[in-house]
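Next come the chains, spelled out residue by residue.
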Amino acid sequence: MITPILLCGGSGTRLWPLSRKSYPKQFARLMGEESLFQASAKRLSGEGFAAPVVLTGEPFRFIVTEQLAQVEQAPQGILIEPEGRNTAPAVLAAALWLAERDAQALMLVAPSDHVIPDPEAFRAAVVAAAPRAQAGDLVTFGITPTRAETGYGYLELAAGADAQANAPQSLARFVEKPDAARAAEMLAAGTYLWNAGIFLFTAEAILAAYRAHAPALVEAVSAALEGAGTDLGFTRLAAAPWSGAEDISIDYAIMEKADNLAVMPFGAGWSDLGGWDAVWAVSGPDAAGNVCSDEATAIDCRDTLLRSETPGQQLVGIGLEDMMVVSMSDAVLVAPKSQAQRVKEAVAALKAKGVSQAVQLPRDYRPWGWYESLIIGGRFQVKRIVVHPGASLSLQSHHHRSEHWIVVEGTAKVTVDDEVRLLTENQSVYIPLGAVHRMENPGKVPMVLIEVQTGSYLGEDDIIRYEDIYARS
């Protein structure tokens, strides 16, 4: 059996404003009704694949479980990274965790934010690569290049290797991202593949490589795993030793030093969706080269991406060429497609201004559901709150605000101090300042309510939790 190791801790700033730190691109529905994370989990499932092990951060742990449940998958483990330390510590943590159960287990390490249009072809490539990995080699997957791309690292094949082979080939070396001239040379040579950042090896083989090439990393990550705590099925790596682990990619820490490397060529299509230009390319532009979302219209446009991400908000482009326009309720991106890699500069500029849109989506996802602010004033705020069936907010109180709840869909079970009552559609309740209260959804359908807050301070940190089924502090 092959165990998928899904890495989903990145922030995806180049796909702002849809992808933000609070809800990065792997969880967004960029390509159809499934998120990239869900598509990755489904792609690495089925016959010959074990349940996945997921590496993610604290803010995303319940998003991971919810999205896996939506595609009818259950992980065998979810490891929570106290902070992002790049791929080398993350892969090592997964290898140590898996080796405790089976040192010979095959690990398929994959980012969860890539697009592979032909999952069957990719699974076939994984199966073809498995014997080489079982023999102790570290197998990386190389993508057949289709252009002189400067945004990817490359893999140089060894002499005599076949870039079109259906079996693992010998690898000469990893090559850093090239300039345009060098990228064109490598494309013409036909002996280079794009580095997809996907790997297959046994837990034993990769641990041996870490011990040989990154012993300090082994010490730090082992201590983080040994000191890990568990709650609600999550394994929380210990923060102190984890912070001492070097922030480094597995390419730099291991792959550029190891001598037991192989590469599995893959030419059936792949994209890391590294920018809106990539989203445009894989979305299937029409005859005029345009890609439009359902609520976007292109008039006399060419080679343009138009996406409205807010229901009911119509986006119209007129006479545009080679442009990308992404519209959300709180932010709009407008730029030439050729400048797609500069979107991260916009995020940095907004962060410098202290603008919340740099990192925070209008919709805030929580373990029980989500909420979004509809109106914010000096001493009031109106929110829409959606609570999943069977879910419950914490038992809490506030120092600085009172609240008024109006149920508009479903049924709410509401606790206010010593009183518990059921509210149905069009019923409401007042929560005085300081009252201990809780909201639950006892029904079978999502519960939607409108919350009106009033008070001198309306921040989310004005919450005193007394009980919480999600083990939040």
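Residues numbered from 1 in each chain as written. Predicted model: local features only at pLDDT ≥ 70, side-chain atom pairs only at ≥ 80, totals over all residues. Heavy atoms only, no water.

Focus: the pattern of salt bridges
Within this structure, the stated rule accounts for 23 salt bridges. Residue Arg85 is joined to Glu83 by a salt bridge in which the shortest nitrogen-to-oxygen separation is 3.5 Å. The buried category is assigned to Arg85, whose relative accessible area is 15%. Put simply, Asp137 and Arg132 hold a salt bridge, and the shortest N to O gap is 2.5 Å. Accessibility expressed as a relative area gives 17% for Asp137, which makes it buried. Within the structure, one salt-bridge network assembled from shared partners comprises Glu58, Arg61, Asp231 and Arg236. (Salt bridge = Lys/Arg side-chain N within 4 Å of Asp/Glu carboxyl O. Buried < 20%, exposed > 50% of the residue type's maximum accessible area, 1.4 Å probe, protein only.)

Let's talk about the sheet that holds strand 18 (residues 363-366)
Pairing between the strands of a sheet comes from backbone hydrogen bonds, and it takes one of two forms, parallel or antiparallel. On the basis of which strands lie adjacent, the open sheet formed by six strands has the order 18-19-20-27-22-25 and antiparallel pairing. Either end of the sheet is taken by a strand with one partner, and the two such strands are strand 18 and strand 25 (428-431). Recorded for the sheet is a direction-independent mean angle of 20° between the axes of neighbouring strands. The sheet contact formed by strand 22 (residues 401-409) and strand 25 spans four bridges and is antiparallel. Looking across to strand 25, one finds that Glu403 is bridged to Ile431. (Pairing = 2+ DSSP bridges. Helix = DSSP H or I, 4+ residues; strand = E, 2+ residues; numbered from the N terminus. Axes fitted to C-alpha atoms, helices over the stretch in contact; angles between N-to-C directions.)

Description of the domain arrangement of the protein chain
Domain parsing of the protein chain yields domain 1 (2-266), domain 2 (276-352) and domain 3 (363-467). Computed over C-alpha atoms, the centres of domain 2 and domain 3 are 35 Å apart. (Domains from an automatic or database assignment.)

Regarding the environment of Leu217
Within the secondary structure layout, Leu217 lies in helix 7 (residues 215-226). A residue is classified by how much of its surface remains accessible, and Leu217, at 5% relative accessible area, is buried. With 125 residues separating them along the chain, Leu217 and Leu92 place their C-alpha atoms 8.3 Å apart. Not counting the four nearest positions on each side in its chain, Leu217 is found in contact with Ala88, Pro89, Leu92, Tyr210, Ala245, Glu246 and Ile248. (Contact = heavy atoms within 4.5 Å.)

Overview of helix 2 (residues 61-70)
Turning to helix 2, its buried residues number three or more, namely Arg61, Phe62, Ile63, Val64, Gln67 and Leu68. Contacts made by the buried residues of helix 2 are with helix 1 (36-43), strand 2 (53-57), strand 3 (77-81), strand 9 (229-231), strand 10 (234-236) and strand 18. The first or second residue beyond helix 2 is Glu72, which carries a positive phi of 60°.

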